[in-house]
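Here are the chains, one letter per residue:
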Amino acid sequence: MDTNTLVAIVVQVIAGIIGGQAVGAALKQAAMGQLTKILGGAIGGVGGAAILGSLLGGGTVDPAAAAAAAGSAFNLPNLAGGVGGGAILTGIIGAVMNAMKK
């Protein structure tokens, strides 16, 4: 694993955690702990970025911009996919936990 890939994964995890925290704060009726929101956001962030990256025709790291390590990590699939994926997975977890309480 090269440095570009590692930086991209870290960006995806952080973006996913941000998305997960936002949805976790919005879904107050689902009693999710902090660890649940962090893990759901991190996993969803990496998955969402990978899906968005493949839909846009690239991987998680743009090979053309691989020379600039930080530049290729802070691209649209990593940031938007990370936040969106983290938010979506955390929302799903919250909905499942809410349904299990009933």
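Think of each chain on its own: its residues are numbered from 1, step by step along the sequence as written. Restriction of local features to residues with pLDDT of at least 70 applies here, the model being predicted, together with a cutoff of 80 or more for giving and counting side-chain atom pairs; totals for whole chains, interfaces and linings are based on all residues. With hydrogens and water set aside, each side-chain value is computed from the structure's full complement of heavy atoms.

## Concerning the packing of helix 1 (residues 3-26) against helix 4 (residues 76-101)
Move 1: Note on method: axes are straight lines fitted to C-alpha atoms, helices fitted across the in-contact stretch only, with angles between N-to-C directions ranging 0 to 180 degrees. Runs of E in the DSSP output that reach at least two residues are strands. Runs of H or I that reach at least four are helices, and both are numbered from the N terminus. Their axes nearest at 7 Å, the elements helix 1 and helix 4 cross at an angle of 45°. Comparing the axis directions of helix 1 and helix 4 gives the class oblique. Handedness of the crossing formed by helix 1 with helix 4: right-handed. Here Ala8, Val11, Gln12, Ala15, Gly16, Gly19, Gly20, Val23 and Gly24 of helix 1 come into contact with helix 4, specifically with Asn78, Leu79, Gly82, Val83, Gly86, Ala87, Thr90 and Gly91.
Move 2: A class-by-class count of the residues in the contact of helix 1 with helix 4 yields seven nonpolar, ten polar and no charged. The cut-offs work like this: below 35 degrees is roughly parallel, past 145 is roughly antiparallel, 65 to 115 is roughly perpendicular, and the gaps in between are oblique. Crossings are sorted by hand: turned counterclockwise from the far helix by less than a right angle, the near helix makes the crossing left-handed, and turned clockwise it makes it right-handed. Contacts: residue pairs with any heavy atoms within 4.5 Å of one another. Polar here means any residue outside two lists: the nonpolar Ala, Val, Leu, Ile, Met, Phe, Trp, Tyr, Cys and Pro, and the charged Asp, Glu, Lys and Arg; Gly therefore counts as polar.

## Here's the deal with the side chain of Thr90
Move 1: Here Thr90 is to be found in helix 4.
Move 2: With residues near it in sequence (within four places) discarded, Thr90 still touches Gly20, Val23, Gly24, Met32, Lys37, Gly40 and Gly41.

## What about helix 4?
Move 1: For a helix, the expected span equals 1.5 Å multiplied by the residue count minus one. With 26 residues, helix 4 ought to run about 38 Å at 1.5 Å a step, and its terminal C-alpha atoms sit 37 Å apart, in line with that.
Move 2: Buried, partly exposed and exposed residues are distinguished by accessible area as a fraction of the type maximum, computed with a 1.4 Å probe on protein chains only: under 20%, between the cut-offs, and over 50%, respectively. What helix 4 keeps buried is the set Pro77, Asn78, Gly81, Gly82, Gly85, Gly86, Ala87, Thr90, Gly91, Gly94 and Asn98.

## Here's the deal with the environment of Gly20
Move 1: Turning to its location among the elements, Gly20 is positioned in helix 1.
Move 2: Note on Gly20: relative accessible area 0%, which makes it buried.
Move 3: Distance from Gly20 to Gly41, taken between C-alpha atoms, is 4.2 Å for residues 21 residues apart in sequence.
Move 4: Apart from the residues within four sequence positions on either side, Gly20 is in contact with Lys37, Gly41, Gly86, Ala87 and Thr90.

Purely spatial values, then, with no claim about function.
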